[in-house]
Amino acid sequence: MTYSASLLPDLIKAVADTIEANADEVTALDQAIGDGDHVINLQRGITALLSQAEELSLLDWPGAWQKIGMTLMSTMGGASGSLFGTLFIAMSKASHQHALDRQGFAEIVNEAVNAVKKRGRAEAGEKTMLDVLVPVAEALTAASAVTDLSEVLKKLVEAAETGVESTRDMIATKGRASFLEERSRGHIDAGAKTSQLMISAVIDQLLKVA
Ligand code: ADP
Ligand code: MG
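Thresholds applied
Residues numbered from 1 in each chain as written. Chains lettered and ligands numbered in written order. Predicted model: local features only at pLDDT ≥ 70, side-chain atom pairs only at ≥ 80, totals over all residues. Heavy atoms only, no water. Donors = N, O, S within 2.8 Å, 3.2 Å for Na, K, Ca; no water. Buried < 20%, exposed > 50% of the residue type's maximum accessible area, 1.4 Å probe, protein only. Near = heavy atom within 4 Å. Areas by Shrake-Rupley, 256 points an atom, 1.4 Å probe, with all protein chains shown as cover. Helix = DSSP H or I, 4+ residues; strand = E, 2+ residues; numbered from the N terminus. Nonpolar A, V, L, I, M, F, W, Y, C, P; charged D, E, K, R; others polar. Phe/Tyr/Trp six-rings, centres within 6.5 Å; stacked < 30°, edge-to-face > 60°.

(A) Quick peek at the coordination of the magnesium ion (ligand 2). Coordination sphere of the magnesium ion (ligand 2), protein contribution only: Asp35 (OD) and Asp37 (OD), at 2.0 Å. Judged by relative accessible area, which is 39%, Asp35 ranks as partly exposed.

(B) The site of ligand 1, seen in detail. Neighbouring ligand 1 are 20 residues, the closest being Asn41, Ala79, Ser80, Gly120 and Asp189. Contact with the protein chains hides 92% of the accessible area of ligand 1, taken as 560 Å² for the molecule alone. Among the elements of the structure, helix H3 (38-51), helix H6 (78-95) and helix H10 (190-209) are those that each provide at least two residues to the shell around ligand 1. Looking at the shell around ligand 1 element by element, the count peaks at four residues for H6. For the shell around ligand 1, the class distribution of residues is six nonpolar, eight polar and six charged.

(C) Up close: the packing of aromatic side chains. According to the stated counting rule, one finds two aromatic pairs in the structure shown. Plain terms: the ring middles of Trp61 and Trp65 are 5.5 Å apart, the flat faces sit at 25° to each other, and that makes the pair stacked. Within this pair, Trp61 and its partner Trp65 are both found in helix H5 (residues 61-75), separated by four residues, close to a single helical turn. Residues Trp65 and Phe105 carry aromatic rings whose centres are separated by 6.1 Å and whose planes lie at 35° to one another, so their mutual orientation is tilted. Taken together, the residues Trp65 in helix H5 and Phe105 in helix H7 (residues 102-120) connect sequence positions 40 residues apart. Each residue in the set Trp61, Trp65 and Phe105 is aromatic and connected to the rest through ring pairs, giving one cluster.

Structure (structure tokens):
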């Protein structure tokens, strides 16, 4: 793989910064159709990761993904804690079956997103983080033959942006927002928004070292 886990301190910092910069906006989204705690939950996980950053940077990717997932599971709380935790733990698990090249990484991400679907008993189209994670995973698969890495990364940013915007007009059928039924329409989903922000922040960082 082009990138090593020694990048993790910079990646985690970039994620922390984007969530901090957008905290008020995301909290307003979660207040509109959820209970308003999504940023607090997420920042609890990110703070824990920041304190482990050096340790994580010494691991290989499967080891780092496993540790990140366990940390998010045990520190975050909320529906999103177990789902983001599941994502990374499943990436680690899948990485034992696939090479860490572009195609293998696409398989790893797709298997991990499937694990999130299973854990949340949800699919894309239900106004959740999956409306970002699924299109990004699909875009990664679709781009596995593209040789220019920065072109691939930009496609993933676009998929995440289109995905988060798509949640605005959806009716939520999973999570707290589903209690609002038709009234959940008109607001972007908070977990989709933080997923998009984090994916874009990680990719911006990767583009700097590509
Ligand atoms: P909680 O809903 O328990 O308060 P958070 O506020 O931290 O947890 O996270 C809410 C986000 O979690 C939602 O915006 C949505 O993106 C995501 N989410 C909730 N339930 C599910 C589910 N079943 N499948 C996928 N994502 C979900
Ligand atoms: Mg919440």
